[in-house]
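Chain by chain, the residues run as shown.
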Amino acid sequence: MTNAATFSIRIISGAIPQGLYELRRDIYFIEKKFLKEESLLCEEDYGGQHICIYHDDKLVASMFGIDAQQSPFPVYTGIPLSDLKNCYYSTRGMIHRDYRSRHNLWALITYLTFLTGIKLEFVNNVSLFENKAFVELIMDVEWMANIPQVLVEGIDRQYEVIPAIVNLRYGCESAWEQLDQDIRQLLASQDLLIPKQSLAELI
């Protein structure tokens, strides 16, 4: 069992993190056949935040977040930009296959991504999910049933993704509840705890 203390957490903006291309290639190109090789990295990767978990120097989990108004979410869904004010968009969540049964890294990478959104003063998170049942294992989200079907072109087929919205603070707290105690201690030691609500949020 990998010791939680051997994980390092890095939030990277404006650059491509070490190991990101290789992890996306292994998961999205080879394993899932969701993305063509030329689509593994895109312009948006330089405009948002890469939330990364490393074990030693090996990238084992990652998710990407960006202001929803600057993301492809409105193009995919047709939702007006004005409706996405205060929304953070998270996408391309990945766990290395050798680490999928360790420390509940899906909950951890979700927690860290939502925490990043909170610290950037966003209120809600929007995402496009391929597996509804898996998402609901972590938290309740509001599925945007009134949006026309969203189909994404994969390598050899189209696949459907389903838009959803969730309050960042609620989602962060839900993910926290699923974390092991040693992971919680690691987060506390790095000052990665959910900030108290501001007076503006409470009004």
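First things first, this report covers the structure right here in the doc. What you see is a predicted model, and the numbers here were worked out from it, not measured in a lab.

1. So, the overall build of the protein chain
When its secondary structure is counted, the protein chain shows seven helices and eight strands. C-alpha atoms of the protein chain, sized along the principal axes, occupy 45 × 45 × 35 Å. Counting only residues that meet the buried cut, the protein chain has 48% of its 203 residues in that class. Intrachain contacts of the protein chain at a sequence separation of at least 6 include 72% that bridge at least 24 residues. Total accessible area on the protein chain stands at roughly 10400 Å², and carbon and sulfur atoms take up 50% of it. Between the mean site of the 18 positive side-chain charges and the mean site of the 27 negative ones, the protein chain shows a separation of 3 Å.

2. Quick look at helix H1 (residues 20-31)
Here H1 is twelve residues long and its end C-alpha atoms lie 15 Å apart, about the 16 Å a rise of 1.5 Å per residue gives. Those residues of H1 not exposed but buried are Leu-20, Leu-23, Arg-24, Ile-27 and Tyr-28. Buried residues of H1, seen end-on, are gathered within an arc of 95° and therefore sit on one face of the element. Contacts from the buried residues of H1 go to strand E2 (49-55), strand E3 (58-67) and strand E4 (87-95). Count one or two residues on from H1 and you reach Lys-33, which has phi positive near 55°.

3. A word on the side chain of Ser-174
In this structure, Ser-174 sits in helix H5 (residues 168-176). On the basis of relative accessible area, Ser-174 is assigned to the buried category, the value being 15%. Those residues within four positions of Ser-174 in sequence are excluded, and the remaining contacts are Ile-138 and Met-139.

4. Some thoughts on the packing of aromatic side chains
The relative placement of two aromatic rings is captured by the distance of their centres and the angle of their planes. By the definition in use, this model includes seven aromatic pairs. Look at Phe-73 and Tyr-89: their rings are 5.7 Å apart centre to centre, the planes differ by 50°, and that puts the pair in the tilted class. In this pair, Phe-73 sits in helix H2 (residues 73-77) while Tyr-89 sits in strand E4, placing the two residues 16 residues apart along the sequence. Exposure remark for Phe-73: the relative accessible area of 0% places this residue in the buried category. Take Tyr-89: its relative accessible area is 4%, and that puts it in the buried class. Measuring from centroid to centroid gives 5.5 Å for Trp-106 and Phe-134, while their planes differ by 75°, and the two rings are edge-to-face.

5. What to know about the pattern of salt bridges
In the structure shown here, the tally under the stated rule is six salt bridges. Measuring nitrogen to oxygen at the nearest pair gives 3.7 Å for the salt bridge that ties Asp-26 to Arg-25. You can call Asp-26 partly exposed: its relative accessible area is 23%. Note on Arg-25: relative accessible area 27%, which makes it partly exposed. It is possible to trace a salt-bridge network through shared partners that takes in Glu-31, Arg-97 and Arg-100.

Each value, and the rule that gives it
Residues numbered from 1 in each chain as written. Predicted model: local features only at pLDDT ≥ 70, side-chain atom pairs only at ≥ 80, totals over all residues. Heavy atoms only, no water. Helix = DSSP H or I, 4+ residues; strand = E, 2+ residues; numbered from the N terminus. Buried < 20%, exposed > 50% of the residue type's maximum accessible area, 1.4 Å probe, protein only. Contact = heavy atoms within 4.5 Å. Areas by Shrake-Rupley, 256 points an atom, 1.4 Å probe, with all protein chains shown as cover. Lys, Arg positive; Asp, Glu negative; His and termini not counted. Charge placed at Lys NZ, Arg CZ, Asp CG, Glu CD. Expected span 1.5 Å × (residues − 1). Arc of directions from axis to C-beta. Phe/Tyr/Trp six-rings, centres within 6.5 Å; stacked < 30°, edge-to-face > 60°. Salt bridge = Lys/Arg side-chain N within 4 Å of Asp/Glu carboxyl O.

Limitation: the analysis is restricted to geometry and does not speak to function.
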